[in-house]
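Chain by chain, the residues:
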Amino acid sequence: MSSLKISSLQYITTRPEQAEIACSGGADWIQLRLKNQPYQAWKAVALETLAVCRQYNARLIINDNPELAGEIGADGVHLGADDMPVPEARALLGDAVIIGGTANTLETLLDLDQTGVDYVGLGPFRFTSTKEKLSPILGLAGYQKILSSLLQLGVFVPVVAIGGITIADVPTLVSTGLSGVAVSSAISQSTDPAAETRLFIETVANLTNRT
Ligand code: TZP
Ligand code: MG
């Protein structure tokens, strides 16, 4: 695992404008999650989002697409089971780039850890319409079980929860041993996305004794 710092909140968005609002609320870790885009259109949005992130000193993770992340000089890439295998992405992008992976089970999480991911997005916590073909819902009990197994096994890869997470879920979720949360709709659909972003960051920070 690389020593790159993983933040307590990853804000997931499809739009540079939303990334900017979240950054104005303190977000320093943005995932651009676009689906079914022609490469050049995807690249244009990614470059716009990268400019926002650079302005706010935030890190940009590109979902699904290591080639694009490498081409534009993004800070990282997030890979699921159907994307480029982690070792291939690592060879392409090098050690300085953040590579995140998606897991729904302890087994997948352990496999990802072996490949040297920098963090794992573990989910979904509950149903969400943000993602199609959702894996089985983990619920709080799923996180408790998986995170306590990691502790027993001495596996310390940072894990962030994902899927339908609201601010009210954060205290119990983070108490299972998570490093943070990855959130889209609770922030994007909030009446005040910047304030909601700040609330997420402060809530996780208070629980994990981050400064
Ligand atoms: N992977 C599992 S759930 C999810 C992804 C990308 C969507 C998270 O978005 P939301 O709106 O916070 O449920
Ligand atoms: Mg993917």
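Residues numbered from 1 in each chain as written. Chains lettered and ligands numbered in written order. Predicted model: local features only at pLDDT ≥ 70, side-chain atom pairs only at ≥ 80, totals over all residues.

Named according to an unreviewed UniProt entry, the protein is Thiamine-phosphate synthase originating from Spirosoma endbachense. As its UniProt record puts it under Sequence similarities (unreviewed entry), the protein is described as follows: "Belongs to the thiamine-phosphate synthase family." Annotation of the protein in UniProt includes, under Pathway (unreviewed entry), the sentence "Cofactor biosynthesis; thiamine diphosphate biosynthesis; thiamine phosphate from 4-amino-2-methyl-5-diphosphomethylpyrimidine and 4-methyl-5-(2-phosphoethyl)-thiazole: step 1/1." (UniProt positions renumbered as here; feature names shortened; annotations may be inferred.)

Under the UniProt annotation, the feature "binding site: Mg(2+)" (unreviewed entry) is placed at D64 and D83. These annotated residues cover 20 residues of sequence, and their C-alpha atoms lie no more than 5.8 Å from one another, placing them together at a single site. Relative to the helices and strands, D64 is located in the loop between β3 (59-63) and α3 (66-72). Using a count of 19 C-beta atoms within 10 Å as the deciding quantity, one classes D64 as partly exposed. Tracing the sequence through the fold places D83 in the loop between β4 (76-79) and α4 (86-93). For D83, a count of 17 C-beta atoms within 10 Å translates into the label partly exposed. (Helix = DSSP H or I, 4+ residues; strand = E, 2+ residues; numbered from the N terminus. Buried ≥ 20, exposed ≤ 12 C-beta atoms within 10 Å, placed from the backbone.)

Take the sheet that holds strand β6 (residues 119-122) next. Here 8 strands make up a closed barrel; going around it, the order is β1-β2-β3-β4-β5-β6-β7-β8 and the pairing parallel. With strand direction ignored, the average angle separating the axes of adjacent strands in the sheet is 25°. Relative to strand β5 (residues 98-103), β4 runs parallel, the two sharing 4 bridges. Looking at the pairing, V77 lines up with I99 of β5. (Pairing = 2+ DSSP bridges. Axes fitted to C-alpha atoms, helices over the stretch in contact; angles between N-to-C directions.)

Grouped together as the largest cluster of nonpolar side chains are 62 residues, with contacts concentrated most on I30, A161, V181 and V183. Element by element, the count of residues in this core is highest for helix α2 (residues 39-56), at 5 residues. Those residues in contact with A161 that lie beyond four places of it in its chain are L122, G123, F125, Y143, L173, L178 and V181. (Core = buried A, V, L, I, M, F, W, Y, C linked by C-beta atoms within 7 Å. Contact = placed C-beta atoms within 7 Å.)

So, about the site of ligand 1. Taken together, 14 residues sit near ligand 1, with T128, T130, G163, S184 and S185 positioned nearest. Partitioning the shell around ligand 1 into residue classes produces 6 nonpolar, 7 polar and 1 charged. (Near = placed C-beta within 6 Å. Nonpolar A, V, L, I, M, F, W, Y, C, P; charged D, E, K, R; others polar.)

It is worth spelling out helix α1 (residues 16-24) at this point. Across the 9 residues of α1, 7 count as buried, placing the element largely inside the fold. Elements that come into contact with the buried residues of α1 comprise β1 (9-13), β2 (29-32), α2, α8 (185-188) and α9 (193-208). G26 sits one or two positions beyond α1 and adopts a positive phi of about 110°.

Across the junction of G123 and P124, the peptide omega takes the value 5°, indicating a cis bond. With respect to the helices, strands and loops of the structure, P124 is situated in the loop between β6 and α6 (139-153). The residue N36 is not glycine, and still its phi comes out positive at about 55°. Mapped onto the elements, N36 comes out in the loop between β2 and α2.

All right, on to the pairing of β3 then. In terms of burial, β3 is a largely internal element, 5 of the 5 residues being buried. Of the two faces of β3, the one carrying R59, I61 and N63 and the one carrying L60 and I62 are both buried. Sheet analysis places β2 next to β3, joined by 4 bridges and oriented parallel. If you follow W29 over to β3, its bridge partner there is R59. Read from β2 through α2 to β3, the crossover connection turns out right-handed. Judged from the 3 bridges that link them, β3 and β4 form a sheet pairing that is parallel. Residue N63 lies in a different strand from β4, and its bridge partner there is H78. (Right-handed = clockwise from strand over helix to strand, strands pointing away.)

Okay, the UniProt feature "domain: Thiamine phosphate synthase/TenI" (unreviewed entry) in the protein next. Residues annotated in UniProt with the feature "domain: Thiamine phosphate synthase/TenI" (unreviewed entry) correspond here to residues 14-187. End C-alpha to end C-alpha, residues 14-187 measures 13 Å, and it is 43% helix and 18% strand.

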